[in-house]
Amino acid sequence: MNRPRSAIDRTSRVPGLQPVQARLMPLVAAILGGVAAGAFARLLDSALPAPWNTLANPSALWGLLPFAAVTALRLRGWPAASVGAAALVSMVTAWIVLAPSPASGREVVLWGVVGVFAGALCGLAGDLVRRSAPWFHRVGLAFMGGVVLGEALYGILLIGGPQWLVEGAIGLALPLALGRRANDRIAGGAGAVLVAAALFAVYFAYDAIAAA
């Protein structure tokens, strides 16, 4: 004899009517992951010798956290953007809290604003990479690869040091490693170069504001 379903049983099967806890779980996971990543970045910054400790705190490499979090959690649209922003902001917060010397108020505001927008964009890139449509997939590859490659080019041309070559290799490797087919890898890699060139001025402006 079948048991009559309660109202809770019926609504739990309706698409979009998920419990609040289920909706918050990806956000909580992103925040916890961000805190852990920020603490790990601080550890690397203190453990690695110069100039390799630079790899612990470049903003572009930090963007891989929201990108990976959204990809792993299989989120789309606004949930992808919000989880991406939460992951990066929590990572920045942990980095600031664990700093050996306190950051200035201007730095906190700058890093917080950049964390929200950059985290959301990198989260959306993680969403696009998982899409079945080839062009969405390629745009996600090009964006994330270009973000990392662009910062590396900026460092190579204006700062100097072998650490930027490593970051550049990571940026080029992303579309090659994550592309589903040869055409995706080619298009993603070429797009990453274009995105990197377009973002060069953005990184220059960011450093100018941070150093002001």
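Only a predicted model underlies this, so the values are computations on that prediction, with no experimental measurement involved.

A look at the overall build of the protein
For step 1, the next point in the chain: Within the protein, the regular secondary structure consists of nine helices and zero strands.
For step 2, the next point in the chain: The order of α-helices and β-strands along the protein, N terminus first, is α-α-α-α-α-α-α-α-α.
For step 3, the next point in the chain: Projected onto its principal axes, the C-alpha coordinates of the protein cover approximately 75 × 45 × 30 Å.
For step 4, the next point in the chain: Counting every position in the protein, which comprises 212 residues, the buried fraction comes to 36%.
For step 5, the next point in the chain: Across the protein, the fraction of contacts at a sequence separation of at least 24, relative to all contacts at a separation of at least 6, is 73%.
For step 6, the next point in the chain: Computing the positive centroid from 15 side-chain charges and the negative centroid from 8, the protein places the two 18 Å apart.

Considerations on the confidence of the model for the protein
For step 1, the next point in the chain: Looking at the protein, pLDDT values average 89 and 90% of them are 70 or higher.
For step 2, the next point in the chain: This model gives residues 6–12 a pLDDT under 50, and the stretch forms four contacts once residues within four places in sequence are excluded.

A word on helix H9 (residues 182–211)
Since one α-helical turn is 3.6 residues long, residues separated by three or four positions face the same way.
For step 1, the next point in the chain: Taking 1.5 Å as the rise per residue, H9 with 30 residues should run 44 Å; its terminal C-alpha atoms sit 42 Å apart, in good agreement.
For step 2, the next point in the chain: Taking the largest bend as the criterion, H9 deviates by roughly 40 degrees, centred on Leu199.

Some points on the pattern of salt bridges
Between side chains of opposite charge, a pair can form as their charged atoms come close.
For step 1, the next point in the chain: One pass over the structure, following the stated rule, counts four salt bridges.
For step 2, the next point in the chain: One salt bridge in this structure joins Asp184 and Arg138, with 2.7 Å as the shortest N-O distance. Taken together, the residues Asp184 in helix H9 and Arg138 in helix H7 (residues 134–158) connect sequence positions 46 residues apart. Here Asp184 and Arg138 have matching classes, each one buried.
For step 3, the next point in the chain: A salt bridge links Asp184 to Arg181, with the nearest nitrogen and oxygen atoms 3.4 Å apart.

A word on the nonpolar core
For step 1, the next point in the chain: Residues Ala60, Phe67, Met144, Val147, Val148 and Tyr203 are the most contacted members of the largest nonpolar core, which totals 14 residues.
For step 2, the next point in the chain: Within the residue set of this core, elements represented by two or more residues are helix H3 (59–62), helix H6 (105–129), H7 and H9.
For step 3, the next point in the chain: It is H7 that contributes the most residues to this core, five residues altogether.
For step 4, the next point in the chain: In this structure Met144 touches Ala60, Gly63, Leu64, Phe67, Cys122 and Leu174, once residues within four positions along its chain are discounted.
For step 5, the next point in the chain: Core analysis: the next-biggest nonpolar cluster, separate from the first, contains seven residues, Ala37, Trp62, Met91 and Val92 among them.

Topic: the side chain of Ser90
For step 1, the next point in the chain: Take Ser90: it is sitting in helix H5 (residues 77–97).
For step 2, the next point in the chain: One polar contact links the side chain of Ser90 to the main-chain carbonyl oxygen of Ile31, over a distance of 3.3 Å.
For step 3, the next point in the chain: At 2.9 Å, the side chain of Ser90 and the backbone oxygen of Ala86 are in polar contact.

Analysis parameters
Residues numbered from 1 in each chain as written. Predicted model: local features only at pLDDT ≥ 70, side-chain atom pairs only at ≥ 80, totals over all residues. Heavy atoms only, no water. Helix = DSSP H or I, 4+ residues; strand = E, 2+ residues; numbered from the N terminus. Buried < 20%, exposed > 50% of the residue type's maximum accessible area, 1.4 Å probe, protein only. Contact = heavy atoms within 4.5 Å. Lys, Arg positive; Asp, Glu negative; His and termini not counted. Charge placed at Lys NZ, Arg CZ, Asp CG, Glu CD. pLDDT = per-residue confidence, 0-100. Expected span 1.5 Å × (residues − 1). Bend = angle between axes of the 7 residues up to and from the residue. Salt bridge = Lys/Arg side-chain N within 4 Å of Asp/Glu carboxyl O. Core = buried A, V, L, I, M, F, W, Y, C linked by side-chain atoms within 4.5 Å. Polar contact = N/O pair within 3.5 Å; in protein donor to acceptor, adjacent residues only side chain to side chain.

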